[in-house]
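In case you want the letters, here they are:
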Amino acid sequence: MSIDIGLEFETHIDLDFLGQGVTIRLIRLIASLRLQTNDGWTRRYKAFIDTGNPLSIIPNSIWNKAKINWLLPHKSELSGIGPGKVSGRLGEIVLVLFDERVDSPPIKAKAFLLDDDKVPLLLGFEDILTELKLACDYRTKTAYLQIPLP
Amino acid sequence: MPILSLKKEESEELSSPEHKEYWEDSKWAREHFAEIVKEYPDQWVAIVNKKVIAAGETIAEIEKIAMEKTGREEFPIYFAERGVRVYRYRIGI
């Protein structure tokens, strides 16, 4: 048995390319989630589904309210496109995904927990897309994560 | 397998009367995202009652402003991403 948690598409046009006469759509696939805290759950947050990331990434303002199982004692650095790096630490969190109709069971996942908010909340492969089926059809604006029930 | 059993009391806690407003504001944000990005490029924004109620560089900052202005605990927060961004992963330990 499983449940499907609906995902949202967020689409807008890249203004810089548009100014040069080319239309490029900036499309993001978005999930809604909460993180487990020591005495309940955080508020709702939006996360990008990111198949290009092996690991989920969580901004500081979000994870610092959550219950964390630290996996490594030291910090690491993450490089992006262009100059500059962000730093953080590897930990394990528990989250629930939800849509307008239904909540998922709690899901334990490893994540890179950032020192700041320079990167949005990204759900990557490890423990998320490795365990859940992702269905995505932009033409029909249909997308969901299929979660097996325990 | 990282999927845990759902406790009944946690499930009830996750449903609340603000649910409908949260999704209406989410829908509004998606429909007006181009305008949001134009006005608040690369900032975090909080959406309440179908408008941007707070914008800033950190989530903590906009959560505080949005809660003070509206008294609401729950509201959608988006990153108004301007331009093509690829979040490449390479960890240096």
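Use the structure listed above.
Everything quoted here is computed from the prediction, not taken from an experiment.

### Considerations on the sheet that holds strand S2 (residues 51–56) of chain B
All names here are of chain B. Spatially, the 3 strands line up as an open sheet ordered S2-S1-S3, and their pairing is antiparallel. Sheet topology places S2 and strand S3 (77–79) at the edges, where each strand pairs with a single neighbour. The sheet shows a mean angle of 30° between the axes of neighbouring strands, taken without regard to direction. Examined bridge by bridge, strand S1 (residues 44–48) and S2 share 5 bridges and lie antiparallel to one another. When the bridges of S2 are listed, Ala46 appears paired with Ala54. Strand contacts of helix H2 (residues 19–31): S1, S2 and S3, with the helix running at about 125° to S1, the strand carrying the most contacts. Those strands touched by helix H4 (residues 59–70) are S1, S2 and S3, and its axis lies near 140° from that of S2.

### Some details on the side chain of Glu8(A)
Note that Glu8(A) resides in strand S2 (residues 8–13). For Glu8(A), a relative accessible area of 7% gives the class buried. Within the structure, the side chain of Glu8(A) is placed 2.7 Å from the side chain of Lys46(A), a separation counted as a polar contact. Among the polar contacts listed, one links the side chain of Glu8(A) to the side chain of Tyr78(B), at a separation of 3.4 Å. Among all residues touching Glu8(A), those that are not within four sequence positions of it are Arg28(A), Leu29(A), Ile30(A), Ser32(A), Lys46(A), Trp23(B), Ser26(B), Arg30(B) and Tyr78(B).

About the criteria used
- Residues numbered from 1 in each chain as written.
- Chains lettered and ligands numbered in written order.
- Predicted model: local features only at pLDDT ≥ 70, side-chain atom pairs only at ≥ 80, totals over all residues.
- Heavy atoms only, no water.
- Pairing = 2+ DSSP bridges.
- Helix = DSSP H or I, 4+ residues; strand = E, 2+ residues; numbered from the N terminus.
- Axes fitted to C-alpha atoms, helices over the stretch in contact; angles between N-to-C directions.
- Contact = heavy atoms within 4.5 Å.
- Buried < 20%, exposed > 50% of the residue type's maximum accessible area, 1.4 Å probe, protein only.
- Polar contact = N/O pair within 3.5 Å; in protein donor to acceptor, adjacent residues only side chain to side chain.

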